[in-house]
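Each chain is listed here by its residues.
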Amino acid sequence: MQNQEESLEVQESSNASKKNIEKSNDSAKIRVNQINATTLAYLGDSVFEVYIREHLINNGIYKVDRLHNAATKYVSAKAQSMIISKLREEKFLTDEEEVVYKRGKNRHTNTLPKNTSLMTYKEATGFEALIGYLYMLRKNDRVIEIINEAIEIVG
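About the criteria used
Residues numbered from 1 in each chain as written. Predicted model: local features only at pLDDT ≥ 70, side-chain atom pairs only at ≥ 80, totals over all residues. Heavy atoms only, no water. Helix = DSSP H or I, 4+ residues; strand = E, 2+ residues; numbered from the N terminus. Expected span 1.5 Å × (residues − 1). Buried < 20%, exposed > 50% of the residue type's maximum accessible area, 1.4 Å probe, protein only. Arc of directions from axis to C-beta. Contact = heavy atoms within 4.5 Å. Salt bridge = Lys/Arg side-chain N within 4 Å of Asp/Glu carboxyl O.

J.: Explain helix 3 (residues 64-75) residue by residue, including any values.
T.: Given a rise of 1.5 Å per residue, twelve residues ought to cover 16 Å, and the 16 Å separating the end C-alpha atoms of helix 3 matches this to within 8%. Among all positions of helix 3, only Leu67, Ala70, Ala71, Tyr74 and Val75 are buried. The buried residues of helix 3 occupy an angular sector of 130° when the element is viewed end-on, so they sit on one face. Turned more than 90 degrees from where helix 3 packs its buried face, Asp65, His68 and Asn69 sit exposed. The inward-facing, buried residues of helix 3 contact helix 2 (37-58), helix 4 (77-89) and helix 7 (140-154).

Written out as structure tokens, the structure reads:
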């Protein structure tokens with residue numbers, strides 16, 4: 001009898017913990033949804049660049065000038081626009097991720113890009129906002145999955 005009671009208590013405790021985690025995840029999502037898209041893109045830009053640099057170093061590129069040149073192949077607005085276009089074409093994003101991407105893409109900007117079209121710039125910003133959003137939610141597995149797919153797309 002005592003073992004059944006202990007088992008029931010452990011199960012109830014486990015269920016309560018799961019509910020608390022779900023509440024915590026919901027409140028984290030609410031907080032992240034309140035962060036403006038520009039800020040998410042700012043963070044996403046950094047996160048993406050760090051993962052790309054790590055990828056390049058892991059592939060034997062150690063000299064800084066070569067690292068920089070190789071990284072621009074992935075982190076430029078043109079590359080990011082191409083990446084997000086391909087991800088969307090392949091239906092790689094969830095519905096939630098599509099909403100975040102569009103929120104980043106459609107945000108108002110006061111700056112005009114120097115070396116690319118406004119549309120390319122906006123698409124890249126949407127991609128960066130998506131990475132920042134997922135990072136803030138601690139969805140690191142999904143961030144890595146998207147970045148790995150981006151690396152495959154760029155080649």
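J.: Please provide a residue-by-residue account of the environment of Ala79, values included.
T.: Here Ala79 shows up in helix 4. Exposure remark for Ala79: the relative accessible area of 6% places this residue in the buried category. Along the sequence, Ala79 and Ala124 sit 45 residues apart, while their C-alpha atoms lie 8.0 Å from each other. Residues in contact with Ala79, not counting those within four places in the same chain, are Lys73 and Tyr74.

J.: I'd like to hear about helix 5 (residues 95-105), residue by residue, with values.
T.: Considered for burial, the residues of helix 5 that qualify are Glu97, Glu98, Val100, Tyr101 and Gly104. Taken down its axis, helix 5 places every buried residue within 165° of arc, on the same side. Counted as exposed and oriented over 90 degrees from the buried face of helix 5: Asp95 and Val99. Those residues of helix 5 that are buried lie in contact with helix 2, helix 4, helix 6 (118-136) and helix 7.

J.: Quick one: what's the story with the pattern of salt bridges, residue by residue and with numbers?
T.: Enumeration over the complete set of coordinates arrives at six salt bridges. One salt bridge in this structure joins Glu89 and Lys86, with 3.7 Å as the shortest N-O distance. A residue pair is termed a helical-turn pair when its members lie 3 or 4 positions apart in one helix, as Glu89 and Lys86 do in helix 4 at three residues. Take Glu89: its relative accessible area is 59%, and that puts it in the exposed class. Taking relative accessible area as the criterion, Lys86 reaches 32% and is therefore assigned partly exposed. Glu145 is the salt-bridge partner of Arg142, the closest N and O atoms lying 3.1 Å from each other. Of the two residues, Arg142 and Glu145 are both situated in helix 7; the distance of three residues between them amounts to about one turn of the helix. The class of Arg142 is buried, set by a relative accessible area of 14%.

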